[in-house]
Structures are given as structure tokens and as C-alpha cells.
Amino acid sequence: MTQHKNLEDLPPKTCTIDRLVTKSEDIQKVIQGKKTATRRNGRYADVGEVMEINGEKFVIVRVYSQTLGDLSDEHAQQEGFNTIEEYKESILSYHPGMPWLPKMRVWVHEYKAFNE
């Protein structure tokens, strides 16, 4: 896991926060509090940025880089799955033909409900 101390340490975003959580099953998990992180191959948000999903707001609390090989069941649970194997199967079903490479780096976006 690569920690970044501040925004200046992070590379530019590759996409916008509104594209962070798009699948209906993931949207429901976020709203229910079962999904508190999203891993992407690029950086979609900054710490403190707010995403709105179905009228509810969630604030980004951490953004960092991690390899797929570093993932644990705890990380899979952040994503709304019971085990890393369930998470892996889900990701690979979204991206047919994509290999699961332990050294591949992803960006982790952790968030929580935003209480104004």
C-alpha cells in the first residue's frame, strides 16, 4: 500500500467522482453502508470531495494506491463482499479476459456518509 501524505503527493485524477460508483448493485451497497471503498485503475476523487448517489452524500476520507496482491478479506468487505475470492470473481466478471495480476496497482477511494 502506498500512502500519500497530502494532495500534492497524488497524481492528477484520471476521471471524475461521479464515475466512481456506477453499478446498481454497488450503489445499493453504498447506500446501505455495506460498501465503504471503491478500487479503480485510476484516481477518481480527492480526500474531502463529496459524491452524491441517489440524493445521498458521501465524503472521500482516504485515497491511496494498493496492489491486487495486497488485498485481504477485510478489503473485500470494504467493497461489500465477504471474501477476496468473491470480490475477485465480481471484478473479473465485469472485465472478461482481464487477468488478476497481484502486482497490478489500483487506487483505493474510501468514503463514509456525509453528515452536513
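In short, a report on the structure. (Residues numbered from 1 in each chain as written. Predicted model: local features only at pLDDT ≥ 70, side-chain atom pairs only at ≥ 80, totals over all residues. Heavy atoms only, no water.)

Right, let's talk about the pattern of salt bridges for a bit. By the definition in use, this model includes five salt bridges. Residue Glu49 is joined to Lys13 by a salt bridge in which the shortest nitrogen-to-oxygen separation is 3.1 Å. Of this pair, Glu49 sits in the loop between strand S1 (37-40) and strand S2 (50-53) while Lys13 is found in the segment before helix H1 (24-31), placing the two residues 36 residues apart along the sequence. Take Lys13: its relative accessible area is 34%, and that puts it in the partly exposed class. (Salt bridge = Lys/Arg side-chain N within 4 Å of Asp/Glu carboxyl O. Helix = DSSP H or I, 4+ residues; strand = E, 2+ residues; numbered from the N terminus. Buried < 20%, exposed > 50% of the residue type's maximum accessible area, 1.4 Å probe, protein only.)

So, about a negative patch on the surface. Among the surface-exposed residues, Asp73, Glu85, Glu86 and Glu89 lie close enough to one another that they form a single negatively charged patch. Per-element accounting of the negative patch gives the leading share, three residues, to helix H3 (residues 84-94). If you trace the backbone, Glu85 turns up in helix H3. (Patch = residues over 30% accessible without salt bridge, like charges linked within 9 Å, V, L, I, M, F, W, Y side chains within 5 Å. Areas by Shrake-Rupley, 256 points an atom, 1.4 Å probe, with all protein chains shown as cover. Lys, Arg positive; Asp, Glu negative; His and termini not counted. Charge placed at Lys NZ, Arg CZ, Asp CG, Glu CD.)

Purely geometric stuff here, so don't read any function into it on its own.
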